[in-house]
Amino acid sequence: MQVTELTAFLVPLPLKREIKHASFTRTESINLLIRCKLSNGTIGWGEGVPRPYVTGETPEGCLQQLSQSDLQPALMRPASNWSDVISICDGLEFHNEADDPRGCGSNSLRCAVELSLLDAFGKHFGQPVSAVVPHVAEAAEIHLKQPRVRYSTTITSSGAKSERISALKMRAYGFAQCKIKVGVNGQDDPSRVARIRRWIGRNVDLRLDANEAWRPEEVIEKMRPLREFGVTCIEQPVAHDEVDALASLRESIGVPIMLDESLTSRMDAKRAIELGTCDLFNLRLSKCGGFLSCLRLAALARASGLGCQLGCHPGESGVLSAAGRHWASSVRDIRYLEGSYDRHLLTALPTQEDITFRYGGWAPALDSPGLGVTIREDWLRQNAKAERTFVGNAQ
């Protein structure tokens, strides 16, 4: 079985509410959807969420990269099992004219193409995408099949009234974990975290995300009043350009450090391990180059004594939500899990299935062939801002 066609779509997905943090504010997400067709007509779908401030990619840039990439050597290989599919995915080489010292300049594009292949071949094999995990050699130590997973939540709203409403909603919904954005201009973080802790309750695991907002010399002072609220982690407290400074600050900060914007590739991961800049990796399928890459990064983290979170980008559709579900239900000891916000965040669902998490953040593993979701193609073609078809390296 071979790949005969790839079609790329750029799709604006309006959000139900504004998402604001120290690095960016957005009201919509422009996502890259890839439609893969096999020689027997089987269709698979993949998704990437290009973020220029994370990997340097833009939606339009992904289309340009795809048009300039010679994928034919990889895509023309026949596949009769998961090992063959992994070889095809590993053989994908994307053209990138930009300087890419961190090896992340094609990550969202790679994620979208790879997921479309995994979905298509999973359907062809009659197996869920999670069935690929035991065939990834590096994943042997982290593989654990689970019947359900539990997602955490995030509070991004500001202002005492909206924070109170959000916190009480999260408490009533039964979440066990919650992330709070800090470092936003004009906000008093200690007062804000204190209010949220009071309203959300003592038993909820609270963690913080600064989105690169602080300078290294102020991190310890910024964190000192926040530690008293029992926070369990601080995510990306400094800009990537200054991340190496965390190695000397780690002991004094007083809570585990998670890298996000500074953790996009194996190069980033190895540097973080060598310098000792963090305790956890925030893995996102789109940010880190796809399903297989995230498995390998999680295995590297575990082998190095570090933990990991499977995160998400605000605005992911059901395709990435499903991929994250397959990943999370196959990997042991994930410290925090984000995603499957679908109907809570998107004004319209591109998938026929709604796989939004349930009460308490709980969600079942998916066992249908492929990703287990179906794109509403009529809706997609009505709403896509761009559509381009590729066969190997030809348009």
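Residues numbered from 1 in each chain as written. Predicted model: local features only at pLDDT ≥ 70, side-chain atom pairs only at ≥ 80, totals over all residues. Heavy atoms only, no water.

**Quick word on empty space enclosed by the protein**
Our working rule: Only protein atoms enter the 1 Å grid used here, on which a cavity is any set of points holding a 1.4 Å probe that cannot leave and a pocket is any open set flanked by protein within 12 Å on both sides along at least five of seven lines; residues with an atom within 4 Å of a point are listed as lining. Grid points are joined across faces, edges and corners, and a volume is the space filled by probe spheres set on the points. Helix and strand assignments follow DSSP, with helices taken as H or I runs no shorter than four residues and strands as E runs no shorter than two, numbered in order from the N terminus. All amino acids are sorted into three groups, where Ala, Val, Leu, Ile, Met, Phe, Trp, Tyr, Cys and Pro are nonpolar, Asp, Glu, Lys and Arg are charged, and the leftover types, Gly among them, are polar.
This structure, assessed with the given rule, holds two cavities of 30 Å³ or more. Gly-311, Glu-316, Leu-320, Gly-324 and Glu-338 are the residues nearest the centre of the largest cavity, which is lined by 14 residues in total. It is helix H11 (residues 318-328) that provides the largest number of residues to the lining of the largest cavity, a total of four residues. Counted by class, the lining of the largest cavity contains six nonpolar, five polar and three charged residues. Lining of the second largest cavity is provided by Cys-312, His-313, Pro-314, Gly-315, Glu-316, Ser-321, Gly-339, Ser-340, Tyr-341, Asp-342, Leu-345 and Leu-346. Residue composition of the lining of the second largest cavity, by class: five nonpolar, five polar and two charged.

**Looking at the layout of surface pockets**
Of the volumes computed, that of the largest pocket is approximately 790 Å³. Lining the largest pocket are 36 residues, and of these Arg-17, Ile-19, Thr-154, Thr-156 and Tyr-341 sit closest to its centre. Of the residues forming the lining of the largest pocket, the biggest block, six residues, is contributed by helix H5 (residues 160-173). When the residues that make up the lining of the largest pocket are grouped by side-chain class, the tally is 13 nonpolar, eleven polar and twelve charged. A volume near 390 Å³ is recorded for the second largest pocket. Put simply, the parts of the chain that give the lining of the second largest pocket at least two residues each are helix H3 (82-90), helix H4 (107-125), helix H9 (266-275) and helix H10 (291-303). When residues in the lining of the second largest pocket are grouped by element, the largest group, four residues, is from H10. Among the residues making up the lining of the second largest pocket, the classes are represented as seven nonpolar, nine polar and eight charged.

**Remarks on the packing of aromatic side chains**
This is how it is decided: Stacked, tilted and edge-to-face are the three classes assigned to paired rings of Phe, Tyr and Trp, where Trp is represented by its six-membered ring and a pair needs centres within 6.5 Å; plane angles under 30 degrees give stacked, over 60 edge-to-face, the rest tilted.
Applying the stated rule across the entire model yields nine aromatic pairs. The interplanar angle of 65° and the centroid separation of 6.3 Å between the aromatic rings of Tyr-173 and Phe-357 together place this pair among those described as edge-to-face. In this pair, Tyr-173 sits in helix H5 while Phe-357 sits in the loop between helix H12 (342-345) and strand S13 (362-364), placing the two residues 184 residues apart along the sequence. Look at Phe-175 and Phe-357: their rings are 5.4 Å apart centre to centre, the planes differ by 85°, and that puts the pair in the edge-to-face class.

**As for the sheet that holds strand S6 (residues 177-181)**
This is how the line gets drawn: A pair of strands counts as paired when DSSP detects no fewer than two bridges linking them.
Pairing within the open sheet is parallel, and its eight strands lie in the order S5-S6-S7-S8-S9-S10-S11-S12. Here the strands that pair on one side only, and so sit at the sheet edges, are strand S5 (153-155) and strand S12 (336-337). Bridge analysis of S6 against strand S7 (residues 205-209) gives five bridges, and the strand direction is parallel. Bridged to Lys-181 within S7 is Asp-209.

**Considering unusual backbone geometry**
The phi dihedral of Gln-236 falls on the positive side, at around 40°, and the residue is not glycine. With respect to the helices and strands, the residue Gln-236 is situated in the loop between strand S8 (234-235) and helix H8 (246-253).

**Side note on the pairing of strand S11 (residues 307-310)**
This is how the line gets drawn: Convention used here: a crossover is right-handed provided that the path from the first strand, over the helix, to the second strand proceeds clockwise when the strands point away from the viewer.
Sheet analysis places strand S10 (residues 280-283) next to S11, joined by four bridges and oriented parallel. Counterpart to Leu-283 in the pairing with S11 is Leu-310. Taken together, S10, H10 and S11 constitute a β-α-β crossover, and its handedness is right-handed. Two strands pair when backbone bridges link them, and S11 and S12 are joined in this way by two bridges, in the parallel orientation. Pairing of Gln-309 across the sheet is with Tyr-336, part of S12.

**Concerning the environment of Lys-270**
Rules: Three labels apply to residues, based on accessible area from a 1.4 Å probe with only protein chains included: buried if under 20% of the type maximum, exposed if over 50%, partly exposed otherwise in between.
Here Lys-270 shows up in helix H9. Relative accessible area serves as the criterion here: at 42%, Lys-270 is assigned to the partly exposed category.

**Overview of the pattern of salt bridges**
Two side chains that carry opposite charge are able to pair once their charged atoms sit near each other. Quick note on the threshold: The salt bridge criterion pairs a side-chain nitrogen of Lys or Arg with a carboxyl oxygen of Asp or Glu, the two atoms within 4 Å.
Across all of its chains, the model carries 27 salt bridges by this definition. Asp-260 serves as the salt-bridge partner of Lys-287, at 2.7 Å between the closest nitrogen and oxygen. One end of the pair, Lys-287, is in the loop between S10 and H10; the other, Asp-260, is in the loop between strand S9 (257-259) and H9, with 27 residues separating them in the sequence. Take Asp-260: its relative accessible area is 3%, and that puts it in the buried class. With its nearest N and O atoms 2.9 Å apart, the salt bridge here joins Asp-333 to Arg-302. Here Asp-333 is found in the loop between H11 and S12, whereas its partner Arg-302 is found in helix H10, with 31 residues between them in sequence. Relative accessible area serves as the criterion here: at 40%, Arg-302 is assigned to the partly exposed category. Counted as one network, the salt bridges with shared partners bring together Lys-179, Lys-181, Arg-207, Asp-209, Glu-235, Asp-260, Arg-284, Lys-287 and Glu-338.

**Notes on the state of the cysteines**
Here is the rule: Two cysteine sulfurs form a disulfide in these notes if their separation is within 2.5 Å.
Here the structure, examined in full by the defined rule, presents zero disulfides. The closest cysteine sulfur to the non-disulfide-bonded Cys-36 is located on Cys-89, 9.4 Å from its own sulfur. Using a relative accessible area of 0% as the deciding quantity, one classes Cys-36 as buried. Free cysteine Cys-294: the closest other cysteine sulfur is in Cys-288, separated by 4.5 Å. Of the residues examined, Cys-294 reaches a relative accessible area of 0% and is grouped as buried.

**Some words on the side chain of Lys-287**
Short version of the rule: Polar contact is defined as a pair of N or O atoms within 3.5 Å, subject to the rule that within protein one atom must be able to donate a hydrogen and the other to accept it, and that residues adjacent in sequence are counted only when both atoms are side-chain atoms.
Of the residues examined, Lys-287 reaches a relative accessible area of 1% and is grouped as buried. Polar contacts involving the side chain of Lys-287 include one to the main-chain carbonyl oxygen of Asn-282, which spans 2.5 Å.

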